[in-house]
Each structure stands twice: as C-alpha cells, then as structure tokens.
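Structural features, examined
Given next are the chains, with one letter for each unit.
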Amino acid sequence: MGKKQSWVYGMIGLLLLLTISACAGETKQEAVPEPKPQTEVEQAKPEEQTPVKTFPEDPVELLVATPWGEDYFNSRIGNYMKEKLPHIKVTHVDWNGTVENMQELNASQIVPDIVLAFTGQEPLQELEMVYPLDGMVKEYGVDLSQVDPAILAQVRSRDREGRLVGIPQEMGVIGLHYNKEIFDLFGVEYPSDHMTWDEAIEMAKKMTAERNGVHYRGLELGSYTFPLKQLSVTLTDPDTGEVLLSKNPEFTQYMELLKKIYSIPGMYDENISGFSDKTVAMHVDWHGYLTWFGGNDEEAKEFQQDMDIVPVPTFPGRENTAPTPNTQIFAINAFSKHKEAAFQWILESISPEYQATLARAGTPSVITGDKTINEQFAQDNMRYEGKNINAFFQYPFTPPPAKSSSWDSYVKLDDAIKEFLQSDMDIQKFLRTQTEKAEKAIQEAKSSKGK
C-alpha cells in the first residue's frame, strides 16, 4: 500500500473517531436533568452527631468508699478534688472491701456513690451494685485513648459481659531490681534492658555461691506467680470453672522456668528479703519495692546507692514486653442517686494534672498516651534519684486474658509452689495434683452456691 493511500485511510479513521466521540458527548449532555430549584435539591450533610452533654455545676454531696481512712483519702485525692470540683462535697466512708461490710453500711442507710473496688468487683456484683459506664462515656464524649489499652482491657476482662464497669485510677508495675555491688563482687556484667529469662538464669548461676563467708543468691522472685503476668492466662475457665493447669502449655512453660531457677544449688530460700540484706543480686518486684527497706529516706538513699532497675526478663517470643500491670478502679454504685456528679468526680481522677501528681508521688499513671507523665515517676521521692525508672514503662504491657476468672481464687498456686520447689515431683505430676485439688474446691463452691 502506498504512503499516500495509507495517509488517506488514516485521516478517514480519525474523522470517524471524532464523529463518534462528538455523538457520545451530545448524548451524555442530553441525559443531564434540568437543575432543580434550590429547595428541591438534597444537600449533602455531614453525619449528624448527638450533642455531647456537659456536667451540671449544682451543689451535690457524694459518699466515696475506700479502705484508706479519711486522712489518707484527703491527702491522696480528697483535697485535690475540693479545689478542682468545689461544687461537689465528698464524705469519706471506710470500707474493708467485703460484701458483709457493705451490707452493714447499707443497713445503716449509708449508700456510697463511688466505691474503690480494691478487692475486685465480685462484692459489687454480688450486691448488684455494678453500673456499666460505656453509655456515659459516649454521652459525655469522654476520650479514653490516653489510658493504657492493657489497663482498659483488664478492667473489661473483669466483667462477665466485657463492659467498662469503672475507671482505672492507677496501676502497679513490675521491674527487675539489681545490686551492682554483688555483680562487681562476682565480676558479672550488669543486666540489660532486653534480657530473656534464660540469660538472667545464667547470670544467677554465677552469683549463687559463697564469698568471704557470705552465701549469695543470684535471683529471687517477690512472688512466684510474677512470670505468669507475661503469659496472658487464667488458671481456670471463666465460664465453667474448668481448671486449665494441665491443658494450657503456658503453665508447663512457667513451671519449667521456676524449675530452672530453683534447681540452681543454693538458690532456694523461703526468706525473700535477701535483696534488702544485700545477699541477693537480682529481685523481681513491684514499683514501690525500694520504699520498703533501708530506713528513712536519707538512710535508704545511701543504702540503695548501688541498686538500680531494668525491665523484667522475658520468655522466648515475648521479647520487649512488660508483665500485665495491676489496677484498681473507681466504680459508680448502681444505687447512687448522683451518678452524673460521681462520673464527673471519677473522670477528674484521670486528668493529666492529677495523674502527674500521683506519678511524682510514686504511683504509676494509667495515662501512657502522654509519656511525660510517667517520666515524672517518684520525682518527689529521693530514693529513686538516679534510678532507671523508665524500666517500668519502657515496653508495652502484655494484654491480659480476654476474660478474667473468679474461679482462679480456688487454685492455691503460690502455696503449692513452695512445696514443689522443695520436692522431686515432676512438673506434670504437680500440675495434675493441683488440678485435682482445685477441682474439688471449685465443685464444693458451686454446690454451696447452687450452681
């Protein structure tokens, strides 16, 4: 085909394409409907939101039940609240955390509006005093994103229906405390921020020995069950009460860890105050541990000058995580006649200002979204000057089990472990034995409750 002929055909094709496009454009234009008058056009509106409620400022009196006593209650939170919420008058009520004591209060016409559920919420559930807060959180537009998610998850795990039944006010965290004097004595490098349990055990072996007529131990646990806080398990099924010790592999892993630690010759000792006697190199315990020994603040600062803190060692596959913290909540009594004011008062307890005050005094804040708050931890306590307080907050907390189990209290693991560590019993036999004991106790409890 000649070039001229190709050019002609090309032009014809182009003209056809333009004609088709023009027709299509005309057809599209004709299909467009006539503009409607403004009144008939549906305007695109943003999704309507229910207005957020605000708290009234009317004078009101609240009763708040805690085990603290009036003087400590006022110094810890009462005086602060008087200044911040002057329209709310608070009367403190002493409560020991039991169902019986709350029944006595109610019989005396004392109905607390707010309860510090420091013994758990089972007493409140038994007395039908639980009041879920999810609706009020939404109604008042409360942003809980600054509160540590593991803490909120723990509060929800305590409720049978996963509801938010209280606002966490504080948390308890765990660290590995160590004494540089003993490490130096044995020529062992100081622990690091990212140790595994196996690494800690190897260190402990080197420092469990005698020097200058003194017997030293490398490691002790303030509670044998501390490592379980890294494994997100319950001892029993929350719904059925079935004992899970022999069924969940995490319990075997946990018992194997204890066996490794206390199989070191010379390691086991019923006395767990060796660290405070400067005969133990490493001690796992709560954040307030350094306030428990050493005399007054000046004496303790001198006594503890070579002591410091690192994060708790971890299990394989769970590196760079911290044990699940403990928390206690302020709950609103379902029978309170002043729920709005009670909710306002409780919310003020997790304000950044108050939480920073708690942190400086030595109580870890539940607000971890603002890291500057826990950076002030124990700032007002000279015992912690120069200590690595970041060890308590360095890593995210292990999420708690999805649902806690009230049946766990029938598994007496702490006491049983003492016997296990002094015996030759193998792990599986120990777990079976404890399962049988717990099953019997739970069955008796179910029978007495008619379940």
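Residues numbered from 1 in each chain as written. Predicted model: local features only at pLDDT ≥ 70, side-chain atom pairs only at ≥ 80, totals over all residues. Heavy atoms only, no water.

**Description of the overall build of the protein chain**
Here is the rule: Helix numbering and strand numbering both begin at the N terminus, where a helix is a DSSP run of H or I of at least 4 residues and a strand a DSSP run of E of at least 2. In this analysis, two residues are considered to be in contact whenever any of their non-hydrogen atoms come within 4.5 Å of each other.
Helices and strands together make up the secondary structure of the protein chain, namely 15 helices and ten strands. Summarising the internal contacts of the protein chain: among those between residues at least 6 apart in sequence, 76% fall at separations of at least 24.

**Points about unusual backbone geometry**
Phi is positive for Q109, close to 65 degrees, though the residue is something other than glycine. With respect to the helices and strands, the residue Q109 is situated in the loop between α3 (99-107) and β3 (114-116). The phi dihedral of A378 is positive, around 55 degrees, even though this residue is not glycine. The topology assignment puts A378 in the loop between α13 (371-374) and α14 (413-421).

**Focus on the layout of surface pockets**
Applied cut-off: Put plainly, a pocket is an open set of points on a 1 Å grid over the protein atoms alone with protein on both sides within 12 Å along at least five of seven lines, a cavity is a set where a 1.4 Å probe fits but cannot get out, and a lining residue has an atom within 4 Å of a point. Grid points are joined across faces, edges and corners, and a volume is the space filled by probe spheres set on the points.
Estimated volume of the largest pocket: approximately 1,200 Å³. Together, 33 residues line the largest pocket, and K229, N326, S404, S405 and D408 are the ones closest to its centre. For the lining of the largest pocket, the secondary structure elements donating two or more residues are α6 (149-157), β10 (326-332) and α14.

**Topic: the side chain of Q376**
Cut-off, in case you're wondering: N or O atoms closer than or at 3.5 Å make up a polar contact, with two conditions inside protein: a donor-capable atom paired with an acceptor-capable one, and, for residues adjacent in sequence, both atoms drawn from side chains.
In this structure, Q376 sits in the loop between α13 and α14. At 2.9 Å, the side chain of Q376 forms a polar contact with the side chain of R360. Within the structure, Q376 has its side chain in polar contact with the backbone oxygen of T372 (distance 3.2 Å). Not counting residues within four places of it along the chain, the set of residues in contact with Q376 comprises A356, A359 and R360.

**Considering the nonpolar core**
Selection criterion: The nonpolar core is taken to be a set of buried Ala, Val, Leu, Ile, Met, Phe, Trp, Tyr and Cys residues, with the residues joined through side-chain atoms within 4.5 Å. Relative accessibility under 20% of the residue-type maximum defines a buried residue, over 50% an exposed one, and the middle range a partly exposed one, all with a 1.4 Å probe and only protein chains included.
By size, the foremost hydrophobic cluster in this structure holds 75 residues, and its most contacted members are F330, F343 and W345. F183, M195, L235 and F315 belong to the second-largest nonpolar core, a separate cluster that totals 55 residues.

**A short note on the packing of α14 against helix α15 (residues 427-449)**
This is how the line gets drawn: As a rule, the C-alpha atoms of each element are fitted with a line to give its axis, helices using only the stretch in contact, and angles between N-to-C directions run from 0 to 180 degrees. Two helices cross in a left-handed way if the nearer one is turned anticlockwise from the farther one by less than a right angle. They cross in a right-handed way if the turn is clockwise. Each residue gets one label: Ala, Val, Leu, Ile, Met, Phe, Trp, Tyr, Cys and Pro are nonpolar, Asp, Glu, Lys and Arg are charged, and the others, such as Gly, are polar.
Running from N to C, α14 and α15 point in directions that differ by 145 degrees, and their axes come no closer than 11 Å. The chirality of how α14 crosses α15 is right-handed. Two secondary-structure elements touch here, α14 through L413, A416, I417 and F420 and α15 through I427, F430 and Q434. A per-class count over the contact of α14 with α15 returns six nonpolar, one polar and no charged.

**Describing the packing of helix α9 (residues 249-262) against α14**
We count it as follows: Oblique is the label for every angle not falling under 35 degrees (roughly parallel), over 145 degrees (roughly antiparallel), or within 65 to 115 degrees (roughly perpendicular).
For the pair α9 and α14, interaxial distance at closest approach is 11 Å and the crossing angle is 45 degrees. When the axis of α9 is compared with that of α14, the two are oblique. Note that α9 runs across α14; the crossing there is right-handed. Note on element contacts: α14 touches α9 through L413, I417, F420 and L421, opposite Y254, M255, L258, K259 and Y262. Class assignment for the residues of the contact of α9 with α14 results in eight nonpolar, no polar and one charged.

**Some points on helix α12 (residues 352-361)**
Note that an α-helix has 3.6 residues per turn; residues three or four places apart therefore point the same way. Taken together, the buried positions of α12 are Y354, Q355, A356, L358 and A359. One or two residues past the end of α12 sits G362, with phi positive at roughly 110 degrees.

**Comments concerning the confidence of the model for the protein chain**
Here is the rule we go by: In predicted models, pLDDT denotes the confidence assigned by the predictor to each residue on a 0 to 100 scale.
Taken residue by residue, the protein chain gives an average pLDDT of 89. The fraction at 70 or more is 88%. Ignoring residues within four places in sequence, the model shows residues 1-47, a span with pLDDT below 50, making four contacts including any to other chains.

**A short note on the sheet that holds strand β1 (residues 60-66)**
Quick note on the threshold: Note on pairing: two strands pair once DSSP finds at least 2 bridges between them.
What the five strands build is an open sheet, ordered β2-β1-β3-β10-β4; its pairing is mixed. Each edge of the open sheet is held by one strand with a lone partner, namely β2 (88-94) and β4 (167-172). Taken over all neighbouring pairs, the strand axes of this sheet differ in orientation by 20 degrees on average, direction set aside. The pairing of β1 with β3 spans two bridges and is parallel. If you follow V64 over to β3, its bridge partner there is I114.

**Focus on the packing of aromatic side chains**
Note the following rule: When the centres of two rings from Phe, Tyr and Trp lie within 6.5 Å, Trp using its six-membered ring, the rings pair. Their planes under 30 degrees apart give stacked, over 60 give edge-to-face, and anything left gives tilted.
Inspection of every chain in the model, using the stated rule, returns 27 aromatic pairs. Taking the centre distance of 5.7 Å and the plane angle of 85 degrees together, the rings of F186 and Y216 count as edge-to-face. Taken together, the residues F186 in helix α7 (residues 180-186) and Y216 in strand β7 (residues 214-221) connect sequence positions 30 residues apart. Just as F186 is buried, Y216 falls in that class too. Considering the side-chain rings of Y289 and W292, the 5.4 Å spacing of their centres and the 80 degrees angle between planes classify their relative orientation as edge-to-face.

**Quick word on the pattern of salt bridges**
Our working rule: Between Lys or Arg on one side and Asp or Glu on the other, a salt bridge is scored when a side-chain nitrogen of the former is within 4 Å of a carboxyl oxygen of the latter.
The full count for this structure, using the stated rule, is 14 salt bridges. A salt bridge links E340 to K53; the shortest N-O distance between them is 3.3 Å. Of this pair, E340 sits in helix α11 (residues 339-348) while K53 sits in the loop between α1 (3-31) and β1, and the two are 287 residues apart along the sequence. A salt bridge links E170 to R76, with the nearest nitrogen and oxygen atoms 2.0 Å apart. Taken as a pair, E170 in strand β4 and R76 in helix α2 (residues 70-84) lie far apart in primary sequence, 94 residues in all. Like E170, the residue R76 is buried in the burial classification. One continuous salt-bridge network, built from bridges that share partners, spans K53, E139 and E340.

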